[in-house]
Structures are given as C-alpha cells and as structure tokens.
There are 2 protein chains.
Amino acid sequence: MQRTKVIDALKRTDYGSDILVEGWVRSKRGSKGIFFIALNDGSTIKNIQIVGEDQNFDEATVKLITTGACISVEGKLVESPAAGQAVEIQATKIEVLGACDATYPMQKKGQSFEYMRQHAHMRLRTNTFGAVMRIRHNMAMAIHTYFHEHGFFYFHTPLITASDCEGAGNMFQVTTKNLYDLKKDEQGKIIYDDDFFGEQTSLTVSGQLEGELGATALGAIYTFGPTFRAENSNTPRHLAEFWMIEPEIAFMDQEELMDLEEDFIKYCVRWALDNCKDDLEFLNNPRLDPHLIERLEGVLKETFVRLPYTEGINILQEAIKNGKKFEFPCNWGDDLASEHERYLVEEHFKKPVIMTDYPTAIKSFYMKQNAPQGEGSVGYKGCVAPGPTMQGTDVLFPAIGEIIGGSVREESLEKLQGEISRRHMDTTHLEWYLDTRRWGSCPHAGFGLGFERLILFVTGMQNIRDVIPFPRTPKNAAF
Amino acid sequence: MQRTKVIDALKRTDYGSDILVEGWVRSKRGSKGIFFIALNDGSTIKNIQIVGEDQNFDEATVKLITTGACISVEGKLVESPAAGQAVEIQATKIEVLGACDATYPMQKKGQSFEYMRQHAHMRLRTNTFGAVMRIRHNMAMAIHTYFHEHGFFYFHTPLITASDCEGAGNMFQVTTKNLYDLKKDEQGKIIYDDDFFGEQTSLTVSGQLEGELGATALGAIYTFGPTFRAENSNTPRHLAEFWMIEPEIAFMDQEELMDLEEDFIKYCVRWALDNCKDDLEFLNNPRLDPHLIERLEGVLKETFVRLPYTEGINILQEAIKNGKKFEFPCNWGDDLASEHERYLVEEHFKKPVIMTDYPTAIKSFYMKQNAPQGEGSVGYKGCVAPGPTMQGTDVLFPAIGEIIGGSVREESLEKLQGEISRRHMDTTHLEWYLDTRRWGSCPHAGFGLGFERLILFVTGMQNIRDVIPFPRTPKNAAF
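The rules behind these values
Residues numbered from 1 in each chain as written. Chains lettered and ligands numbered in written order. Predicted model: local features only at pLDDT ≥ 70, side-chain atom pairs only at ≥ 80, totals over all residues. Heavy atoms only, no water. Helix = DSSP H or I, 4+ residues; strand = E, 2+ residues; numbered from the N terminus. Buried < 20%, exposed > 50% of the residue type's maximum accessible area, 1.4 Å probe, protein only. Contact = heavy atoms within 4.5 Å. Areas by Shrake-Rupley, 256 points an atom, 1.4 Å probe, with all protein chains shown as cover. Lys, Arg positive; Asp, Glu negative; His and termini not counted. Charge placed at Lys NZ, Arg CZ, Asp CG, Glu CD. Pairing = 2+ DSSP bridges. Axes fitted to C-alpha atoms, helices over the stretch in contact; angles between N-to-C directions. Least-squares fit on C-alpha atoms with pLDDT ≥ 70 in both. Patch = residues over 30% accessible without salt bridge, like charges linked within 9 Å, V, L, I, M, F, W, Y side chains within 5 Å. Salt bridge = Lys/Arg side-chain N within 4 Å of Asp/Glu carboxyl O. Phe/Tyr/Trp six-rings, centres within 6.5 Å; stacked < 30°, edge-to-face > 60°. Lys NZ or Arg CZ within 6 Å of the ring centre and 35° of its normal. Buried area = accessible area lost by both parts, 1.4 Å probe. Polar contact = N/O pair within 3.5 Å; in protein donor to acceptor, adjacent residues only side chain to side chain. Nonpolar A, V, L, I, M, F, W, Y, C, P; charged D, E, K, R; others polar. pLDDT = per-residue confidence, 0-100. Core = buried A, V, L, I, M, F, W, Y, C linked by side-chain atoms within 4.5 Å. Parallel < 35°, antiparallel > 145°, perpendicular 65-115°, else oblique. Expected span 1.5 Å × (residues − 1).

Before going further, it helps to examine the overall build of chain A. When its secondary structure is counted, chain A shows 14 helices and 19 strands. The buried share among the 479 residues of chain A stands at 59%. For chain A, restricting intrachain contacts to residue pairs at least 6 apart in sequence, the fraction spanning at least 24 positions comes to 67%. Of the accessible surface of chain A, which amounts to about 19100 Å², a share of 48% is contributed by carbon and sulfur atoms. Separation of charge centres in chain A, based on 51 positive and 68 negative side chains, amounts to 6 Å.

Okay, here's the thing in structure tokens:
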C-alpha cells in the first residue's frame, strides 16, 4: 500500500478505506483495552489519531509504542467521534520501525528553548520547531516566487572572497595553509602564495557589490545565500552565519525602491497568512505570542510611512520635549538606536516606517549622495537636511526594528571615488566594482533583508537561534 | 513615463504609443543620416532596435552612443519593417546615462571564454553569459517549485562545521585566530579555545547528514546551498565553491528514490524547454552546441534504465570481449570511470541510466546495506552480486556522466556502527548523527545534485567556470 502523508490523510473523507500512515509517536494513552496514538510525520503540525485495541496486537509491540518511536500503521480511515478532528485511523497492523527509549531528550512537554538548543538536532521533532521550520520554508518560497514573477534573476555571489570593503575585522579567514608551518617573508609577513587562492581570503559579509555587477548586466537580480559576521556578540539578535536576501535593480530610483520594499515584504507576510495557517495558529498562543497574527495582519492593512531621517529626528526631539525619555541621544547625525526606531513605529505612527536620507557619516560609501544645498542637502520630496545625506531607505518594523536596509547606489564614478577617498578606503580590491561606473554606468538601487529577521517577525519567536536549524554563535559550531 | 523592459516592449503591439526603454548599447550602425541601435537591458537575450535621425539629436550625444554605453530612450513604438523583429522604437529623446569608452573589455564580438573569465565581472553583459545566467535562475526556480509542490521543506544546513566525516583533507579551515600569535599546548598542538567557535572548524563538504536530521523530523526536506572542496584540481569540471541540492526523504525506499530522481530531473529539463526558449535557441548553435535542444528533448522522451552495478560490469566486460577498448579497468569492485559510464549511457543503452547497488568498498558508510548471501549480497529486483553491496542509486547522463548521486540510508544503528568501525572512522563528531538511529529511527533516502552539473547539461557549456558568475578555483578568488 502507498503511504499517505498525515497532511493528506487529515483531508480524506473516503471513510472505510484502507490507509497506511508512517510517522513518529507524539503521545500514547490508553484505557480499558484501547489505546490512542497521536502520530505526526512532519508534513503538518497536526497529528492523526490512531486507535487500536490491545487484544489485536502483540504485547511486545504495544510496549514499544512510546513517545518518539517511529511506527508504520495500516488500518481503516474512519470519521472521528472526538472533538477537533474529522478523521482517525482504526489500526489493524502496526510495525515499530524505530523504537525510542527513555533517554530521548525531547520526551517531556514544555521544555525550555534553552534546553532544546542544546539538543538542536532533535528539537526539529517538536511542535514549535516543526512550525518554525515549515514557515521558514514558506518564506523562502515566497521570496523566490515574488522575484521570479517580477522578472528578477536569482544570482549566486561568491562566499569566499578576497575583497573586504565593509566588514574589516569582523570576517572569518578561510585557508588551506598548514598552520604548523606558516612561511613568512623578510618583514615577517605571512606569505599567502601557497594558500588555496594564492592570497588571503575570508567569508563574505555581503553579496551586494557583486550583486550590482549582476544588476547592471541582467537588469534585476537577487541574492539569497549565507552571509557571515565574526562578531563576538552573544545576543538573541546575532548569528555568525545567517541567510541574506539582496535584490539589486538597474534603472530604479528612490521612490520605486520604497514601493518595491513595501510590496515585497507585504507579499511575504501575506504568503505566511495564506499558506501557514495551522502553524501560525499554533504559535499564536499565550505561551509564545498571543498577538502574532494580529501583528501580521496589521502590516498588511497599513501604508508604510515614508519619513526622511531629518523629520524623524524632529519627531523624536519633540517627544523628548514632551517628557519622553530615551537611553541614547538622538541629535541630527546620530545613528538611531532601537528604542528610537520603535518609538516612531510603535508609538508615534503605529505603522511601519521607511526612513530615508540618512546623514552620510553614518551610512556606507556606495549610497547615492543627495544634492548639496549650502552646508546641507536636499532629499526625498524636497526635504532639506542640515548636513550631507544619502539616499538610504530602511524599513522599520514593530517588534523587530530595522528589517530592511536599502539604498539607491551612487552611479557617478567621480562622486563614488570622492567618497572612497574621504573615507581613506583601500581600493585595491574595489577596482572591479568601480568598473561598473566606468563602463556604461547606470542608476540602480537595492536592499538587504536578513532572512532570520523576517522569520523572527513572522513566527513571533524571540531568539534568532530558534529560527535556524543549527545556529552558529560564539563557541558553538555543533552538528 | 514608466520604463518598459525590453522583454515586455518586444511583446507590445500598441503601435504609435509613447515608450521609454533603458539599457546597454550592444551595437550601433548608421547610414545616410539615420542610426540604428541594438539595445539590451538583460531581461531577455533579444535586443530592441532603436531608430533615430542624426538631425534630431545633439552631435555630442550621438557620439557617446557606443557599444557598452547605458542609455535611456523615449520614442514611439512602431511596427518594424526589418526581418526577425516585430517592433522597433523611433527615438525622440536619448539620454546617455553612462558612457563607455574604448577600454571596455567586452567590446569585441567572438572573444574567447578564457579571455572573458579574466573579466568575469563584465562578461555578464554578453549574450552567452546573459543566457547562461537566466537559465541558471530558471533551474533554481524549477528546483524550488518542484520540491514545494511535492511537500518538501527547504532546509538550511550549516556552512561552517566542526564535523568532518567525509571530506577529510579537502576542507577549507575557517578561523578568527591571529595567525601571528598561535598558542600551542605542551605537545605543540594549536589551542583552539580562543578561536571563534572554541574548536577547529571548516567549510562543509555536504549538508546531507544534517539534512537527515531534517527529514527524520519534517518528513521530506531539501537543501540548496553552497558547498566547498579544497581540491587542487584545475579542470573544467571542478570548483572549490559550488551549489548543491540535497533532498532527503523519510519512509522512502530504493524504487521510490529512483522514481523521484527521474521525475525531478525531467521536471527541471522540461522547465528549461518551456521557460528558456530564447536563451536555449541562442546556445543551440554550431559555435556552442548544435545538439543542445535535441539532447534535452531526448532526456524527456526516454524512461531511464535501472541497472544494478553488477549487470553494468557484465555489459562492460562483454563490450571488452567484443573489442571495445577502455583506458581504465572495470572489474567487479572497481569505481567506474567516466568512459565506462558514457559507454553505457551513450553507446549501449542510448538513454540515461540509474545505476544501483554498488560495492560497499567504493561507497559511503551511511548507505543502506543489501542483504548478504554467502560472500555476496542481494540487491534491486533480486540481482545477486558477488560481494557486499549498498543501495546507491546514481543517475548517469549523456555528455555529463554522473549527474545525481543518491542512496537509501542505513537506518539500523547496529549495521551503521558496524560499518563505521570497519572503516576505522572517528565518531567523536558523529554522535548527533547516530542519534537519529537511536531514537525513532526511520527508513529514509536521498540524493545529491551538483547544481553546476545540471547547468552544464542544460546550457551545453563545456567549462564549469562558465556557468557560475564568479568561479572559485585554485589561485582565483577575484571579485
């Protein structure tokens, strides 16, 4: 007989038919010679109920049907008399494919996330992590589908790189050198001629610059791949290895970029609501996050506010005048802290905000420079800033803060080189990037979305280590 | 005016309408006061023709419209009198967004692939690489769509790992240690306590083992991510950094696995034929590969042969008896060489072959062991082998050789441990993997597909460095 997945079995109405299901025992209870098994096969958060009479089965077999055991069940599909489930299976044959003894670490209910992280390879078999991983899959699918339908090409930028323009100091070195026999030159510098790539290499911190090469050839691309930061931060928001999505689009201006950011993120949230109903309903509970679905629906209802940084600072200053206390300062030129972003989003506007036109000093060299006006500059919708600004467009979300970091890119070779030299940057490994501005330079824009940030928002989970199967953090490369 | 992409402009029939297109000049020619521009924006391999009269434009502007320049064109969409194109644009306004001088390396036609590899950041703007990259995107989309529709979950396995079960010796080390100040213990061994992860780590050679954790929890998963091999092989078939797809399915047996492999790969090839027609037609030419489309269609027409290794050896031995010469030996127990695989696929069967039941000695420890029979074993459809075999199921393709490597996995803890100790493997970093067999072990199977191998097959390209944007090979980590 062909196996039926639990997700499909639960939809069947051909009562009386023979059926074969296979999966893991979530629980077993019994009374008066009858036992009930809640069986799950990972296809859905829902279990299917298996009903059996002790007398029809070998005692040794029944004993082996414990929490975590893997079993195969043949029986008849019947209407369930129990509440909350349409069907159940009256078992005629049960085979224990893999027993599970009392050492199984995921046996008890209500174990802490901290405990489960220590058994990350087995936590995937729990309700919460099953739900999170199915939603994670769905968000990846939403992203690929969105870009495909909008004419973007998935573009694989390299992971190992000899370029290091932004991440200096926070990079993982990649080497095949024998560390017991490091050759050095006369000045005592390590010689990399015999390393695999013939020079010093590390893991990428962003695929954006290579993505720009793709966009200025194929028109519109997106990356979706692993990215690395060797920051020694033990926080619920940092991973050393995480997945990033970085679309990059030729001929796009700031207004169009904001349209794209808003449309894209709403598409993802809508996909979750449309396709992950069961899992979201499970996560939307008092123990985890009772306002999850409400928050997701809230994002879809609202038009995002488009707010120049300079106006944002004014709002924050006004709030301070009216008695609002912040831990960190927020004068023009300061990088906004999470508390400022959340005040604007959650208290002032009560909707997502796209912040634009940041001071040049707090943004990256490649962003498009706004037109100068005296000491200041003119940005989005004519907003005048007291200093030079760049066309950044970050999306700020409730609960999460910055979820997208985007910008128009500076397409003028001269301005870009000016900014690079103002920052005393080494261009040795940047000449290929500057070539995009040398030959057929083109206005373009793009943004970056940390995939795990999106999953945190969509699942309501609190710790980034709980939304990726095997988190990489300081002192932790297990599994 | 809103920009129209070239791919959409070419489909428009609202002749007389105003239109705005932007892109890069592929070529410009002129005579008698009229000029013709072939404009491409990367959305399609096809160019749109722009027609202008010299007298309507500033002479300086017209001079800047050179190959590689980026321009913006407003004009009227009209029916084209020229052959091979339905529409063209009568330009009324042209703006040069980015000029392109004679130093532009992609200026000339017919440059060698070797030359273009040296300018890999600019080769994306050529016809061939544009076509390959659009097909690459489409194959990724086919893969995600196939698995999503079949109830698989996309599962992100870690890139940085402390486990090293298969790839010993071929791995890239990942470290944040200061190589100028390596602490060693009394025995002279490097101390990794202060490395980022507190132990020695490297880049993964496969996500399969972690994928099995996913499959035995979620039922069916697939990975699609970068994979690394530090092999010092300068061949047209090897990359140090490549993308792999590794599906893993609980409750799947060998026959079902072969069904999946065949159905999956045909789906991808069909997707290419259905969605990449223009690009395939471009690549299907005497200079590149005149039999490309024919070969793709051939794969769809045929039912793959399912051939036990032992029968394959018999066929090869028979061929040798009949005068066929091979460079390498092919006695039972030998790992087949590419020449053997291609003989079976291209000459003997003239269709793709799924080879099963390989000798244990040439396959990996985790594969399911066939039932022993005396000194031999019994495999697929009762085929008796003279020695112990494992349930491998590799797909062999014309032109490419092995395109998929798959197997049923050994689910018995005892047999798996037996094989591990026969191979004298260190289990220190494998205990988490063995846990899947300790608690609720489950029959399962899976396969691996090198993404670039698939792209080679589907594009007909000959060198693997030409099917990924920025190839990583010995001495080459540029861009």
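On to the sheet that holds strand S2 (residues 34-40) of chain A. Residues and elements named next belong to chain A. Pairing is mixed in the closed barrel, where 5 strands are placed in the order S1-S2-S3-S5-S4. Here the average twist between neighbouring strands, direction ignored, is 55 degrees. One ladder, built from 7 bridges, connects strand S1 (residues 18-31) with S2; its direction is antiparallel. The residue bridging Lys28 from the neighbouring strand is Ile37, located in S2.

This part is about the relation of the copies chain B and chain A. Expressed as a screw transformation, the operator carrying chain B onto chain A has a rotation angle of 180 degrees and an axial translation of 0.0 Å, and the superposed copies differ by an RMSD of 0.0 Å. The transformation just described matches what one would write down for a two-fold rotation axis. Measuring from the rotation axis to each C-alpha of chain B, the shortest distance belongs to Val174 of chain B, at 2.4 Å. Counting the interface residues of chain B, we find that 100% of their copies in chain A are interface residues as well, pointing to one common contact surface.

Once that is clear, we can look at a negative patch on the surface. There is a patch of like negative charges on the surface, built from Glu53, Asp54, Asp58 and Glu59 of chain A. Among the secondary structure elements, Asp58 of chain A is positioned in the loop between strand S3 (48-53) and helix H2 (59-64).

The next point concerns the packing of aromatic side chains. Enumeration over the complete set of coordinates arrives at 62 aromatic pairs over all chains. Relative to Trp271 of chain B, the ring of Tyr267 of chain B lies with its centre 6.1 Å away and its plane at 45 degrees, an arrangement referred to as tilted. Note that Tyr267 of chain B and Trp271 of chain B are positioned in helix H7 (residues 254-275) at a spacing of 4 residues, about one turn of the helix. By relative accessible area, Tyr267 of chain B is classed as buried at 19%. Among the aromatic residues, those joined into a ring-pair cluster are Tyr146, Phe147, Phe152, Tyr154, Tyr222, Phe264, Tyr267, Trp271 and Phe447 of chain A together with Phe224, Trp243 and Phe451 of chain B. Against the face of Tyr358 of chain A rests Lys363 of chain A, its NZ or CZ located 4.2 Å from the ring centre. Directly above the ring of Phe36 of chain B sits Arg29 of chain B, whose terminal nitrogen or CZ lies 4.5 Å from the centroid.

Along the chain, the position of Phe153 of chain B falls in strand S6 (residues 153-154). Sequence-wise, Phe153 of chain B and Ser27 of chain B are 126 residues apart; in three dimensions their C-alpha atoms are separated by 46 Å. Phe153 of chain B has contacts with Gly42, Ser43, Arg134 and His137 of chain A together with Leu218, Ala220, Ile221 and Tyr222 of chain B, leaving out every residue within four places of it along the chain.

Taken as a whole and judged by the stated rule, the model has 61 salt bridges over all chains. In this structure, Lys76 of chain B engages Asp18 of chain B in a salt bridge whose closest nitrogen and oxygen atoms are separated by 2.9 Å. With a gap of 58 residues between them, Lys76 of chain B in strand S4 (residues 70-79) and Asp18 of chain B in strand S1 (residues 18-31) connect regions that are remote in the sequence. The network of salt bridges with shared partners includes Glu255, Asp259, Glu262, Lys266 and Arg306 of chain A.

As a further point, take the interface of chain B and chain A. The interface of chain B with chain A comprises 116 residues on the first partner and 116 residues on the second. Summed over both sides, the interface between chain B and chain A buries roughly 8900 Å², with carbon and sulfur atoms accounting for 66% of that surface. Joining chain B to chain A, the criterion identifies 0 salt bridges. Across the contact surface, chain B and chain A share 41 residue pairs in polar contact (both at pLDDT 80 or more). Counting residues per element, the side of chain B that touches chain A draws most heavily on helix H5 (residues 127-149) of chain B, at 11 residues. Across the side of chain B that touches chain A, the residue classes break down as 57 nonpolar, 36 polar and 23 charged.

Turning to the sheet that holds strand S7 (residues 160-161) of chain A, a few remarks are in order. Ordered in space as S7(A)-S9(A)-S8(A)-S8(B)-S9(B)-S7(B), the 6 strands form an open sheet in which the pairing is antiparallel. Two strands in the sheet have a free side with no partner beyond their single neighbour: S7 of chain A together with strand S7 (160-161) of chain B. Strand direction decides the pairing type here: S7 of chain A and strand S9 (residues 201-203) of chain A, joined by 2 bridges, are antiparallel. Residue pairing for S9 of chain A: Ile160 of chain A is matched across the bridge by Leu203 of chain A.

This part covers the confidence of the model for chain A. On average, residues of chain A score 96 in pLDDT, and 99% of them reach the 70 mark or higher. ipTM for the predicted complex: 0.97, alongside a pTM of 0.97.

A separate point is the nonpolar core. Within the largest apolar cluster, 253 residues are counted, with the highest numbers of intra-cluster contacts made by Met139 of chain A together with Met139 of chain B. Non-local contacts of Met139 of chain B, meaning those with residues more than four positions away in its chain, are made with Cys268, Trp271, Ala272, Phe451, Leu454, Ile455 and Val458 of chain B.

We now examine the side chain of Thr393 of chain B. All names here are of chain B. Structurally, the position occupied by Thr393 is in strand S17 (residues 389-397). On the accessibility criterion, Thr393 (0% relative accessible area) is buried. Polar contacts involving the side chain of Thr393 include one to the side chain of Glu261, which spans 3.0 Å. Setting aside chain neighbours within four positions, we find Thr393 in contact with Gln254, Leu257, Met258, Glu261, Ile354, Met355, Thr356, Ile404, Gly405, Gly406 and Ser407.

What follows concerns the packing of helix H12 (residues 413-422) of chain A against helix H13 (residues 431-438) of chain A. Residues and elements named next belong to chain A. Here H12 crosses H13 at 150 degrees, and the two axes come no closer than 9 Å. Taken together, H12 and H13 sit at an angle that is classed as roughly antiparallel. Two secondary-structure elements touch here, H12 through Leu413, Leu416, Gln417 and Ile420 and H13 through Tyr433, Leu434, Arg437 and Arg438.

A few words on helix H10 (residues 309-321) of chain B. Residue and element names in this part refer to chain B. With 13 residues, H10 should cover 18 Å at 1.5 Å per step; its first-to-last C-alpha distance of 18 Å lies within 8% of that length. Among the residues of H10, Tyr309, Thr310, Gly312, Ile313, Ile315, Leu316 and Ala319 are the ones counted as buried. Residues of H10 that are buried sit in contact with strand S12 (305-308), helix H11 (338-348), strand S13 (353-359) and strand S16 (384-385). Just downstream of H10, Gly323 is the residue with a positive phi angle, here 100 degrees.

Now for helix H13 (residues 431-438) of chain B. Residue pairs spaced three or four apart in an α-helix point in one direction, given the helix's 3.6 residues per turn. Among the 8 residues of H13 of chain B, 6 are classified as buried, and the element is accordingly described as predominantly covered. Along H13 of chain B, the residues that are buried comprise Trp432, Tyr433, Leu434, Asp435, Thr436 and Arg437 of chain B. Buried residues along H13 of chain B sit in contact with helix H4 (120-123) of chain A together with helix H6 (208-218), strand S18 (401-409), helix H12 (413-422) and strand S19 (444-450) of chain B. One or two residues past the end of H13 of chain B sits Gly440 of chain B, with phi positive at roughly 65 degrees.

Let us look at the side chain of Ser43 of chain A. Tracing the chain through its elements places Ser43 of chain A in the loop between S2 and S3. Within the structure, Ser43 of chain A has its side chain in polar contact with the side chain of Asp41 of chain A (distance 2.6 Å). Those residues in contact with Ser43 of chain A that lie beyond four places of it in its chain are Lys5, Val6, Ile7 and Arg134 of chain A together with Phe153 and Leu218 of chain B.

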